[in-house]
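# Tertiary structure, described
Spelled out, the chains give:
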Amino acid sequence: MPLDPQRQDLAIGIVGTGVMGRGIAQIAAQAGIRVVLYDTRADAAAAAKEYVTGTLAKLVEKGRLSADSATRATGLLEVAPVLGQLAECHVVIEAIVERLDAKRELFGALEAIVAPDCVLTTNTSSLQVTAIAAGCKHPERVGGFHFFNPVPLMRVVEVVDGLLTAPWVGDALVALARRMGHTPVRAQDTPGFIVNHAGRGFTTEALACLREGVAEFWEIDRCLRDQAGFRMGPFELMDLTGLDVSHPVMESIYDQYYQEPRYRPSPITAQRVVAGLLGRKSQNRGFYAYAEGRAQPMPVAPVPDAPVPKVWVARHGLHDRLAATVAKLGGHLDHGDRPGPDSLCLVAPLGQDATSAAVAAGIDATRTVAVDCLFGLDKRRTIMATPATLPALRDAAHALLARDGVPVSPIRDSAGFVAQRVVAHIVNIGCDIAQQRICSPPDLDLAVTLGLGYPLGPLAWGDAIGPARVLEILERLQSCYGDPRYRPSPWLKRRALLGLSLLTPEN
């Protein structure tokens, strides 16, 4: 390997000293690496050095860093008034504006300055590493080194191999990332790399639910937080990130994959961008309204004061979970093979809507209510009625399931409820990332848990649910909607049929 990332005199040049450049400079200096900062904007590099110095001082005040360590790190930060002062750097990390022409121009200028074995890297999140490298005389030494904001806290970095990148370059960047205290994940040069690619299912499927009228946005957030275990709901996340950022990313990845239906954006966010309803950054107006940094409370469906008749639970789907909960709540179970004439009929389908479940079971749709049992019933219970369900029986199901104080989310009839369809979509996209060999299965799950903060990586999550169940949900979604968006990945289908873990590599 021409570059030894562990060498004591290692020097890194950082071009572009905005938020990302500053964060990378901080972790590099803390790792004992000499950092040379350059920016075309007057005084920007000096301001970045001052900012990192101040950040290190705050860490000392909070007891998170020793004074000696902060002094050593600060001493490794240098400001380059001209690009030529990066000549002795062993690695240069570019963190400038996301424009291909600007990056190509910079890399051309760097090639005329640095040594032949200097590694040139880009922190791009949306451009092809291959396209940037193609303008270089030595494209084999160009690789992707994609950090996430805020860099010191988001301890994962995507090491991206372009089509022309020499294998040793990626190996060196993996070792360098570890020296800087970050977890490297290796990715091929595809749109969105790993993290932005794997993250397409969460917000786009939630938006599909909203557009379909399944539930209001705040109810979708509640279902995905409380049932699936996400830290934030998708609409909370879009408000935090800003639609001026998240919507263009949705469109970009959709277009770069030539309108792949799995990544289809929503006209809802396009319209909100035009209206200036971007989220917290637009005068606290997004999906939610904010005051003093907090989202304003949204309506909660009141628990009906309704009598509960006998309850018959259909014996398909997740019958056992639902029947046990009904019994625990004091429901009077109808144990007949068929429901009695006055019984409330509860179904616990996978991937079906209440209507299809009622028809499949051959039961009266006017008495049928579906309950999502896939993720357990301890934190939130989602129910949905058919279009024919009598309001009195819908209310009876709500009243019964709310008896112990667990919140209930009534939604409209939807194949896969909310949580089932969103999580299945995430798992399916993850499976296709593995199928396309964009990264290894372990790196995929590692990138998603560290980069997106999901409860589990998509492959491990599919294993926890059961690959056969995920496959069943997706096949029923595709059957209901006729949309290739839900077609199962071959990776998922083969492993589900063979009873294998989704983390099983190709043989």
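Residues numbered from 1 in each chain as written. Predicted model: local features only at pLDDT ≥ 70, side-chain atom pairs only at ≥ 80, totals over all residues. Heavy atoms only, no water.

Here 4 bridges tie strand S14 (residues 381–385) to strand S15 (residues 408–411), and the two strands are oriented parallel to one another. Within S15, the residue paired with Ile383 across the bridge is Pro410. The parallel pair S14 and S15, bridged by helix H15 (residues 391–401), forms a crossover whose chirality is right-handed. (Pairing = 2+ DSSP bridges. Helix = DSSP H or I, 4+ residues; strand = E, 2+ residues; numbered from the N terminus. Right-handed = clockwise from strand over helix to strand, strands pointing away.)

What follows concerns the nonpolar core. Ranked by size, the top nonpolar core spans 122 residues in total, and within it Leu86, Phe235 and Phe287 carry the most contacts. It is helix H16 (residues 419–435) that contributes the most residues to this core, 10 residues altogether. Setting aside chain neighbours within four positions, we find Phe235 in contact with Ala206, Leu207, Leu210, Phe217, Ile220, Asp221, Phe287 and Tyr288. In terms of nonpolar packing, the next biggest core, distinct from the first, is built from 38 residues, Leu10, Val35, Leu37 and Val159 among them. (Core = buried A, V, L, I, M, F, W, Y, C linked by side-chain atoms within 4.5 Å. Buried < 20%, exposed > 50% of the residue type's maximum accessible area, 1.4 Å probe, protein only. Contact = heavy atoms within 4.5 Å.)

Quick look at the state of the cysteines now. In this structure the tally under the stated criterion is 0 disulfides. No disulfide involves Cys89; its sulfur sits 6.8 Å from that of Cys118, the nearest cysteine. In this structure Cys89 comes out as buried when scored by relative accessible area, which is 4%. No disulfide involves Cys209; its sulfur sits 9.0 Å from that of Cys223, the nearest cysteine. (Disulfide = S-S within 2.5 Å.)

We now examine the sheet that holds strand S11 (residues 311–313). Across the sheet, 5 strands lie side by side as S11-S12-S13-S14-S15; this open sheet has mixed pairing. In this open sheet, the two strands that pair with only one neighbour each are S11 and S15. Each strand of the sheet is rotated relative to its neighbour by a mean of 30°, with strand direction disregarded. As judged from the 3 bridges shared by strand S12 (residues 344–347) and strand S13 (residues 368–371), these two strands associate in the parallel manner. (Axes fitted to C-alpha atoms, helices over the stretch in contact; angles between N-to-C directions.)

Looking now at the packing of aromatic side chains. Counted by the stated rule, this structure contains 13 aromatic pairs. Plain terms: the ring middles of Phe217 and Tyr288 are 4.9 Å apart, the flat faces sit at 90° to each other, and that makes the pair edge-to-face. Note that Phe217 is positioned in helix H9 (residues 217–226) and Tyr288 in the loop between helix H12 (267–275) and strand S9 (290–291), a separation of 71 residues in sequence. Residue classification places Tyr288 among the buried positions, given a relative accessible area of 6%. A ring pair is formed by Tyr481 and Tyr486, whose centres lie 5.7 Å apart and whose planes are at 35°; its orientation type is tilted. With relative accessibility at 30%, the residue Tyr481 sits in the partly exposed group. Residue classification places Tyr486 among the buried positions, given a relative accessible area of 3%. (Phe/Tyr/Trp six-rings, centres within 6.5 Å; stacked < 30°, edge-to-face > 60°.)

The topology assignment puts Asp443 in helix H17 (residues 441–451). Look at Asp443: it is buried, it has no salt bridge, and the nearest opposite charge is Arg178 at 6.9 Å. Asp443 has contacts with Pro184, Val185 and Arg186, leaving out every residue within four places of it along the chain. (Lys, Arg positive; Asp, Glu negative; His and termini not counted. Salt bridge = Lys/Arg side-chain N within 4 Å of Asp/Glu carboxyl O.)

Moving on to the environment of Arg394. Inspection of the secondary structure assignment puts Arg394 in helix H15. For the pair Arg394 and Thr368, spaced 26 residues apart in sequence, the C-alpha separation works out to 7.9 Å. What Arg394 contacts, discounting residues up to four positions off in sequence, is Val369, Ile383, Ala385 and Thr389.

What follows covers a nonpolar patch on the surface. A cluster of nonpolar residues, Leu497, Leu498 and Leu500, forms a patch on the protein surface that exposes about 330 Å² of accessible area. Within the secondary structure, Leu497 sits in helix H20 (residues 490–498). (Patch = residues over 30% accessible without salt bridge, like charges linked within 9 Å, V, L, I, M, F, W, Y side chains within 5 Å. Areas by Shrake-Rupley, 256 points an atom, 1.4 Å probe, with all protein chains shown as cover.)

The next thing to look at is empty space enclosed by the protein. Within the structure shown, the criterion is met by 1 cavity of 30 Å³ or more. The space that makes up the largest cavity amounts to roughly 30 Å³. As for the largest cavity, its lining consists of Ser125, Ser126, Leu127, Gln128, Asp189, Thr190, Pro191, Gly192, Phe193 and Gln256. A breakdown of the residues in the lining of the largest cavity according to their chemical character gives 3 nonpolar, 6 polar and 1 charged. (1 Å grid on protein atoms, 1.4 Å probe; cavity = no way out; pocket = protein on both sides within 12 Å on 5 of 7 lines; lining within 4 Å. Points joined across faces, edges and corners; volume = space filled by probe spheres on them. Nonpolar A, V, L, I, M, F, W, Y, C, P; charged D, E, K, R; others polar.)

A separate point is the layout of surface pockets. Computed from the structure, the second largest pocket encloses a volume of approximately 620 Å³. Counting only elements with at least two residues in the lining of the second largest pocket, the list comes to helix H1 (19–30) and helix H2 (44–61). Among the elements that make up the lining of the second largest pocket, the one with the highest residue count is H1 (6 residues). Here the residues of the lining of the second largest pocket sort into 9 nonpolar, 8 polar and 5 charged.

Just geometry here; none of it tells us what the structure is for.
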